[in-house]
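Coordinates in review
Next come the chains, spelled out residue by residue.
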Amino acid sequence: MSLVRAERRRLHKRRVTVVMLAIGVILLGLIAGGTWFSNHKVSDATRAAAVAQAEQEYQRALDDWNSNGKKRCEDDVKAGQIPAEACQGPKPDYFLADYYMPSTFVFKAGFRDMLTVWAMIMAFVALVIGASSIGAEWSSGSMMNLLTWQPRRVRVLGTKLGVLLAVTAFWSLVVGALWTAAMWATAVFRGTTAGMTSGTWQSFALTGLRGLGVVAAAAVFGFVLASLGRRTAVAMGVLIALIVVTQFGLTILLFMAKVRYPEMFFVGNHLQAWMNGSVTMYDQTSCDFSAGMCQPQQLVLTWQRAGTIFGAGLLALVGLSMWQIRARDVA
Amino acid sequence: MAPVLEIHGLHKTYRGLFGGSRTALDGFDMVVEAGEVHGFLGPNGSGKTTTLRTLLGLIKANGGEMRILGQSVPHHLPGVIGEVGAIVESPQFFGNFSARDTLSLLADAGDVPQTRVDEVLELVGLRDRAKDKVKAYSLGMKQRLAVASALLKQPRLLILDEPANGLDPGGIREMRDLMRGLAAGGMTVVLSSHILNEVEQICDAVTIISRGRRVTAGSVAEVLAAHSTGQVLVRLESPAELAMADAALTEMGGRVTAYPDHLLVAGIAQPADITRKLAARDLFVSELSPVVADLESVFLQLTGTAPVEGQHRQVDQSVVATPSEEVPA
Ligand SMILES: Nc1ncnc2c1ncn2[C@@H]1O[C@H](COP(=O)(O)OP(=O)(O)OP(=O)(O)O)[C@@H](O)[C@H]1O
Ligand SMILES: [Mg+2]
């Protein structure tokens, strides 16, 4: 397929592609560096030091309590200001050694969030690459040129979109592999890789796959907006408008309308559900606080549901852009 | 042999997204025979670019038939596009790519061998600047690149919308030679241009369009002959006798326009009759020459766009032809 090759070459020749990929790698590099320097390996000596420090802090608190805190507390009890149970003094389990340990990178516990970080940054990169790849083509006139070579417009647009997806997925995987390696190294030298089983790996792989889904969705979203508006700037404008509307306008509106689960309407929650499996939302209006404590009604947003909504929305946008390129004059 | 390009009754009305429409083509016809260089002429806004865009499937016609190389388009356009090289109204390229990259990507998209890229760059004289970014090109260099892109496929039909736009005099002449060479090699060229002496020199046939309709078509010689006035310029040895000559020629049925030093005579078939008549009256002719129309004056006459002293002609102020009669199938 010569058109595929042409589009792949074109995408890699674009400066935006190279710059955005570099920005993604630099951002992730900075985060990796920060993680590296803020975590420390836990040796027996550091653990012993932490135990000693916890013990020391406990003793100091206890001394403080015995010398004046306790008396003041009992005075307050006599005055009837607080209940008697309040005067218990410090307990040893307020001073666990763990609290005095330097932070350490536990791969098994920390990598899932790191995968989300990778997915979000690569999604941002893919969004910009996607929007500018087609937007610049339209506004520079080279799309019109291309169409005098390949008059099957839907095929041209479809090929461009397919190549964009393949290329962003490829580079996201490459960066993702580097990211995993960097996090693994951080765990080895600045934390622990203990407890990793094939099951954990599998679960991480699934999270990674869902992250890749977010990257692909962002690429499609940017591409389709810029294709519909025939300009990169239009895509970016729509995006900013969307963020403003959802973050501010929608919040106020939903609050005024007393919608039961306003969180339902925020892209961020769906994204979180998609990446983490589910998000639980509470209906605060269901509570009658005059009857004392209340367990509000809840709604679980699953990743399947979030995925279906994203998928349907994107499919509709892609369909719209395909229809539009067929129907509209290129002039 | 079937014509390379046929257009019958083409209609196109541009419609704005929020209402407002403009009819650019209103029953336009055009026929281009194989192997000719065909000039496509018309005032600004008369519909040339619209015709070419419609032909290439960039915009949809509202009616009419089009055939390229015998295939009806836009339906069969994908099948013939490989034989059609085109530039439409100084095409724009992505500014950050070099000329070679631009052409190389097009070659890939159209299944043209990459070796062709350097050939066409050489052909249009961009060889040594092929690595420069297109945005750093001058107008004429961009135009050369556009021509190169149209030639890349080695098309059978070459469509050029104002290819000379921005070219230097040398470039214009090179373009002329190039087109002659291509036509000699069997390529059919459709050339829209406003440089009429250029067109007169290289075109075999022309179609003139005004307000979206064809006003005339045919070989250059035919068009010139059909619209030349058939006038003859007469000069006498002694200008003082011009009035007598005027009377004599009017007497024999000529329509005479008198000028201080010569007469323009129309309506006399044989110039020799003029000499004989005048000689019979002792009037001796010093010059007798037919007035040849040039393409420019024919164009201005047919389109009604000749400048009028003291008026500023607006675009769209040109002749509206009567709609073409039904073309026999
Ligand atoms: N995209 C468009 N939308 C609306 N009207 C258009 C569009 N393009 C052209 N027109 C109109 O169609 C008519 C024909 O324009 P066209 O570009 O075909 O003229 P042209 O013969 O190529 O003129 P020129 O010699 O100036 O290049 C004009 O009245 C023009 O205003
Ligand atoms: Mg034009």
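Residues numbered from 1 in each chain as written. Chains lettered and ligands numbered in written order. Predicted model: local features only at pLDDT ≥ 70, side-chain atom pairs only at ≥ 80, totals over all residues. Heavy atoms only, no water.

1. Considerations on the coordination of the magnesium ion (ligand 2)
Six octahedral donors around a metal ideally make angles of 90 or 180 degrees; four tetrahedral donors ideally make 109.5 degrees. Stated precisely, the cut-off is as follows: Sites may look incomplete, because water is not among the atoms used; the donor set itself consists of N, O and S atoms within 2.8 Å of the metal (3.2 Å for Na, K and Ca). In this description a helix means any DSSP run of H or I spanning at least four residues, a strand means any run of E spanning at least two, and both kinds are numbered starting from the N terminus.
Donor atoms from the polypeptide that coordinate the magnesium ion (ligand 2) comprise B:Thr49 (OG1) and B:Glu89 (OE), at 1.9 to 2.5 Å from the metal. You can see B:Thr49 sitting in helix 1 (residues 48–55) and its partner B:Glu89 sitting in the loop between strand 6 (84–87) and helix 3 (99–109), a full 40 residues away along the chain.

2. Some points on the pattern of salt bridges
For clarity, the threshold we go by: For this analysis, a salt bridge means a side-chain nitrogen from Lys or Arg found within 4 Å of a carboxyl oxygen belonging to Asp or Glu.
Taken as a whole and judged by the stated rule, the model has 27 salt bridges over all chains. We note a salt bridge from A:Glu7 to A:Lys160, for which the minimum N-O separation is 2.8 Å. With A:Glu7 in helix 1 (residues 2–13) and A:Lys160 in helix 6 (residues 153–190), the pair connects residues that are 153 residues apart, well separated along the chain. Across the pair B:Glu119 and B:Arg116 runs a salt bridge, and its minimum N-O distance is 2.8 Å. Linking B:Glu119 with B:Arg116, this pair stays in helix 4 (residues 115–123), spanning three residues, or about one helical turn. Taken together, the shared-partner salt bridges in this structure form one network comprising A:Glu7, A:Arg10, A:Glu137 and A:Lys160.

3. Here we look at the domain arrangement of chain A
Applied cut-off: Domain delimitation in this document rests on an assignment produced automatically or drawn from a domain database.
For chain A, the domain assignment lists domain 1 (3–41 + 102–327) and domain 2 (44–100). Domain 1 of chain A and domain 2 of chain A are separated by 47 Å when their C-alpha centres are compared.

4. Looking at the domain arrangement of chain B
Under the domain assignment used here, chain B contains domain 1 (5–225) and domain 2 (230–290). Taking the mean C-alpha position of each, domain 1 of chain B and domain 2 of chain B sit 47 Å from one another.

5. Considerations on the sheet that holds strand 14 (residues 285–290) of chain B
Residue and element names in this part refer to chain B. Using the following cut-off: Pairs of strands are assigned from DSSP output, requiring at least two bridges between the strands. Each axis is a line fitted through C-alpha atoms, and for a helix only the stretch in contact is used; angles between axes span 0 to 180 degrees, taken between their N-to-C directions. By definition, residues are in contact when any of their heavy atoms lie within 4.5 Å.
Within the open sheet, the four strands sit side by side as 12-13-11-14. Their pairing is antiparallel. Looking along the sheet, the strands with just one partner apiece sit at the ends: strand 12 (255–258) and strand 14. For this sheet the average axis-to-axis angle between neighbouring strands, irrespective of direction, equals 20°. Taken together, the five bridges between strand 11 (residues 232–236) and strand 14 define a ladder with antiparallel strand orientation. When the sheet's bridge partners are listed, Val234 is paired in strand 14 with Leu288. In the packing of helix 9 (residues 242–251) onto the sheet, the strands contacted are strand 11, strand 12 and strand 13 (263–266), and the crossing angle to strand 13 comes to about 5°.

6. Observations concerning the site of ligand 1
Our working definition: Any residue with a heavy atom lying within 4 Å of a molecule or strand is counted as near it. Polar contact criterion, stated in full: a pair of N or O atoms within 3.5 Å, where within protein one must be able to donate a hydrogen and the other to accept it, and residues adjacent in sequence count only if both atoms are side-chain atoms. Only the protein chains shown count as cover for residues, and all accessible areas are computed by the Shrake-Rupley method using a 1.4 Å probe.
Of all residues adjacent to ligand 1, which total 16 residues, the nearest are B:Gly45, B:Lys48, B:Thr49, B:Thr50 and B:His194. Neighbouring residues of ligand 1 are not confined to a single chain but are spread across chains A and B. B:Tyr14 places a side-chain nitrogen or oxygen 3.5 Å from a nitrogen atom of ligand 1. A distance of 2.8 Å is found between an oxygen atom of ligand 1 and a side-chain nitrogen or oxygen belonging to B:His194. Summarising the interface, the protein chains cover 71% of the accessible area of ligand 1, which totals 630 Å² for the free molecule. Every element with two or more residues in the shell around ligand 1 is listed here: strand 2 (21–32) and helix 1 of chain B. The element contributing the most residues to the shell around ligand 1 is helix 1 of chain B, with four residues.

7. Notes on the confidence of the model for chain B
Heads up, the condition is: Confidence per residue, as judged by the predictor, is encoded in pLDDT with a range of 0 to 100.
On average, chain B scores 87 in pLDDT, and the residues at 70 or more come to 98%. Interface confidence for the predicted complex, given as ipTM, is 0.81, next to a pTM of 0.84.

8. Describing the interface of chain A and chain B
Heads up, the condition is: Buried area adds together the accessible area that both of two parts lose upon being put together, with accessible area traced by a 1.4 Å probe.
Tallying the contact residues gives 28 residues for chain A and 32 residues for chain B. Between chain A and chain B, a total of about 2,700 Å² is buried, with carbon and sulfur atoms accounting for 57% of that surface. The largest contributions to the chain A side of the interface with chain B come from A:Asn145, A:Thr148 and A:Trp149, which together make up 27% of the buried area. For the pair chain A and chain B, the number of links is four salt bridges. Across the salt bridge formed by B:Asp108 and A:Arg9, the nearest N and O atoms sit 2.8 Å from each other. The interface formed by chain A and chain B contains 14 residue pairs in polar contact (both at pLDDT 80 or more). Of all the secondary structure elements, the ones that give two or more residues to the side of chain A that touches chain B are helix 1, helix 4 (107–140), helix 5 (142–147) and helix 10 (303–327) of chain A. By residue number, the principal contributor to the side of chain A that touches chain B is helix 1 of chain A, which donates seven residues.

9. Side note on the layout of surface pockets
Heads up, the rule is: As defined here, a cavity is a set of points on a 1 Å grid over the protein atoms alone where a 1.4 Å probe fits but cannot get out. A pocket is an open set with protein on both sides within 12 Å along at least five of seven lines, and residues line them when an atom is within 4 Å of a point. Grid points are joined across faces, edges and corners, and a volume is the space filled by probe spheres set on the points. Classes in brief: Ala, Val, Leu, Ile, Met, Phe, Trp, Tyr, Cys and Pro nonpolar; Asp, Glu, Lys and Arg charged; the others, Gly included, polar.
There is about 1,000 Å³ of room inside the largest pocket. Lining the largest pocket are 29 residues, and of these A:Phe221, A:Leu242, A:Val267, A:Leu271 and A:Phe310 sit closest to its centre. Of all the elements in the fold, those that place two or more residues in the lining of the largest pocket are helix 4, helix 7 (198–229), helix 8 (232–257), helix 9 (267–276) and helix 10 of chain A. Its residues placed into classes, the lining of the largest pocket shows 21 nonpolar, eight polar and no charged. Looking at the second largest pocket, its volume works out to about 670 Å³. For the second largest pocket, the lining is made up of 32 residues, of which A:Met144, A:Arg230, A:Asp329, A:Val330 and A:Ala331 are closest to its centre. Put simply, the parts of the chain that give the lining of the second largest pocket at least two residues each are helix 4, helix 5 and helix 10 of chain A together with strand 1 (5–15) and strand 6 of chain B. Element by element, the count of residues in the lining of the second largest pocket is highest for strand 1 of chain B, at four residues. Across the lining of the second largest pocket, the residue classes tally to 13 nonpolar, ten polar and nine charged.

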